[in-house]
Every structure is written in C-alpha cells, then in structure tokens.
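Residue strings, one per chain:
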Amino acid sequence: MSKDRIRTDVAHNARVWNHWLGGKDNYPVDRAVGDHVTDLYPSIGEVARADRAFLGRAVTYLTAEAGVRQFLDIGTGLPTAENTHEVAQRIAPESKVVYVDNDPIVLAHARALLTSSPEGRTEYLDADAHDPEAIVSAVAPPLDLREPVAVIMLGILNFIMDTDRARGIVRTLMDAVPSGSFLVLTHPTLELGGEGNADAMAFWNENATPPITARTGAEVASFLDGLEVLEPGVVSCSRWRPDAAAAEPPLVAQFGAVARKP
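Residues numbered from 1 in each chain as written. Predicted model: local features only at pLDDT ≥ 70, side-chain atom pairs only at ≥ 80, totals over all residues. Heavy atoms only, no water.

> Break down helix α8 (residues 163-175) for me, with residues and values.
Here α8 is 13 residues long and its end C-alpha atoms lie 18 Å apart, about the 18 Å a rise of 1.5 Å per residue gives. The complete set of buried residues in α8 reads T163, A166, I169, V170, L173 and M174. End-on view of α8: buried residues confined to an arc of 125 degrees, all on one side of the axis. More than 90 degrees from the buried face of α8, the exposed residues found are D164 and D175. Buried residues belonging to α8 abut β2 (70-74), α7 (132-138), β5 (150-154), β6 (182-188) and α10 (217-222). (Helix = DSSP H or I, 4+ residues; strand = E, 2+ residues; numbered from the N terminus. Expected span 1.5 Å × (residues − 1). Buried < 20%, exposed > 50% of the residue type's maximum accessible area, 1.4 Å probe, protein only. Arc of directions from axis to C-beta. Contact = heavy atoms within 4.5 Å.)

> Quick one: what's the story with the environment of V184, residue by residue and with numbers?
Within the secondary structure, V184 sits in strand β6. Look at V184 and you get buried, because its relative accessible area is 1%. Distance from V184 to A257, taken between C-alpha atoms, is 6.0 Å for residues 73 residues apart in sequence. Among residues more than four places away in sequence, those in contact with V184 are F54, A58, L62, V151, I152, M153, L154, A257 and V258.

> I'd love a proper account of the packing of helix α2 (residues 28-40) against helix α9 (residues 197-207), names of residues and values included.
Describing two packed helices takes the angle between their axes plus the distance from one axis to the other. Where α2 meets α9, the axes come as close as 8 Å, and the angle between the chain directions of the two elements is 160 degrees. Of the possible angle classes, the one that applies to α2 and α9 is roughly antiparallel. When you trace α2 past α9, the crossing you get is right-handed. In this structure, α2 contributes V33, H36, V37 and L40 to the contact, and α9 contributes D199, A200, F203, W204 and N207. Class assignment of the residues belonging to the contact of α2 with α9 gives a composition of six nonpolar, two polar and one charged. (Axes fitted to C-alpha atoms, helices over the stretch in contact; angles between N-to-C directions. Parallel < 35°, antiparallel > 145°, perpendicular 65-115°, else oblique. Left-handed = near helix turned anticlockwise from the far one by under 90°. Nonpolar A, V, L, I, M, F, W, Y, C, P; charged D, E, K, R; others polar.)

In structure tokens form, the structure reads like this:
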C-alpha cells in the first residue's frame, strides 16, 4: 500500500462517517469538516446511525429469512460495531462476505474486518465502485456467483455523480449474480425533510472528498428497475422494517431499499 495515497490534510468520507458514528479512526481535518457539516445539517449524525441500523436489519432479514449466505459489501467504510460479517455469521456461521473499498485508511484497518467464523469466510478487496467489472472478476472465490449473493451498496451510489453511470454500475453488478440475489442500498436525498442538507453537501464538495450528490426517490427507485422491491419499498432507511416493539422511528433524509433479482 502506497502511503502517498493517504491524505491527512483533506477530509475523507470514510473517516468523517467514522467520526459521526463516534469512532476514533479519523484525523483533525475529518472532525473539523464533520462538525461543520453537523452545524449546517444537525441531523447528519442521526442519518449515519440510521443507515448503520438499517444495515443490521437488512442483513438479519437476508440471512435469517431469505437464506442468503453470500454478501458483497461495496464501499464498506471503516469498521465499526455490527459489520456485515458479524451480523450474518452470528445467524449463519458459514456465511461468506467480501468487503470492497479503495480508501487506504480503510484498507489499513482491513485486519479488523478479516475475522471470520471458522465455518465462514471474510475477505477484503481493494477496488473502486466506478469499476464494477473489476469487482465482479475478483470476487470469486470466495464467492460463488452461481449461488445467490446480496450486493450491499450503502451510501456509495451518491459518490457516482452521473445517474446514468450509477444505473450502469448497478446493472453490471446485478447482471453478474443469479436469480434469488438481492440488492441493498441507501442514498441521501433532499427529500424526506432533507432540504437543509443542500448547503452541507455544497460545503462538503468544496472541502472534502469524494464529491457527493443527492437524488430523488424516483431516481433511487430507478436503480431497482427489473428487480422485485421488498416491502415497504423505497422509504426513509430508518423506517425500513423497524423493530415492531419500538415507537415509530424519526424520518431521516436517507432512502433505503432491498430488492430481489427474479
């Protein structure tokens, strides 16, 4: 790993997200930018936590109810509690997980992710979501692309600035996996009460990397074309199958959805 890839003078999404989640794997510049974004858009920390909780519920459903045993987690970010492999292997120890990211700080922490149940497997791939063909060609093994795979893209398509290109990336990935596979995604929006996020995103794009874009619910739904969208559809990620015993969670400006390839 080339050390010159690590920029400690420019805020980076994976590290700022880690800061919002209360982690320690970040630099002063990440905390400064993250705190200013919070000043502009105070609910961003709530969005980050809701996104993480959505991951746990989606992976729990896919493992316990849908019977998925293979996961491709693209743009996973820095490890925190309840990573994909931890949730899946707690339910089905034989689950296999491949994490994909291209940030050197994330890669430096890969060892924390590369812990697996004896029956399962967890690996890490240095690749860019902009190049889905490279991802597909590198995941097998450990993944068997003849069997269903859950493709997880949480907060990653918002870094693909061109919507047509983003759709093409999703299509390439889902074309590579068989019937019975799933797509899990979240995406920020200026809808759902997120209008105040516009200034925060503009500040981010001037002061941090990579640049980010919001999309409408209709645009996010277009990523699911040709797939069977599970109930309750494309909704605020906090309200995708929340704990029935809890009060209705607050709305956050982050769409979430899970869809099955027929």
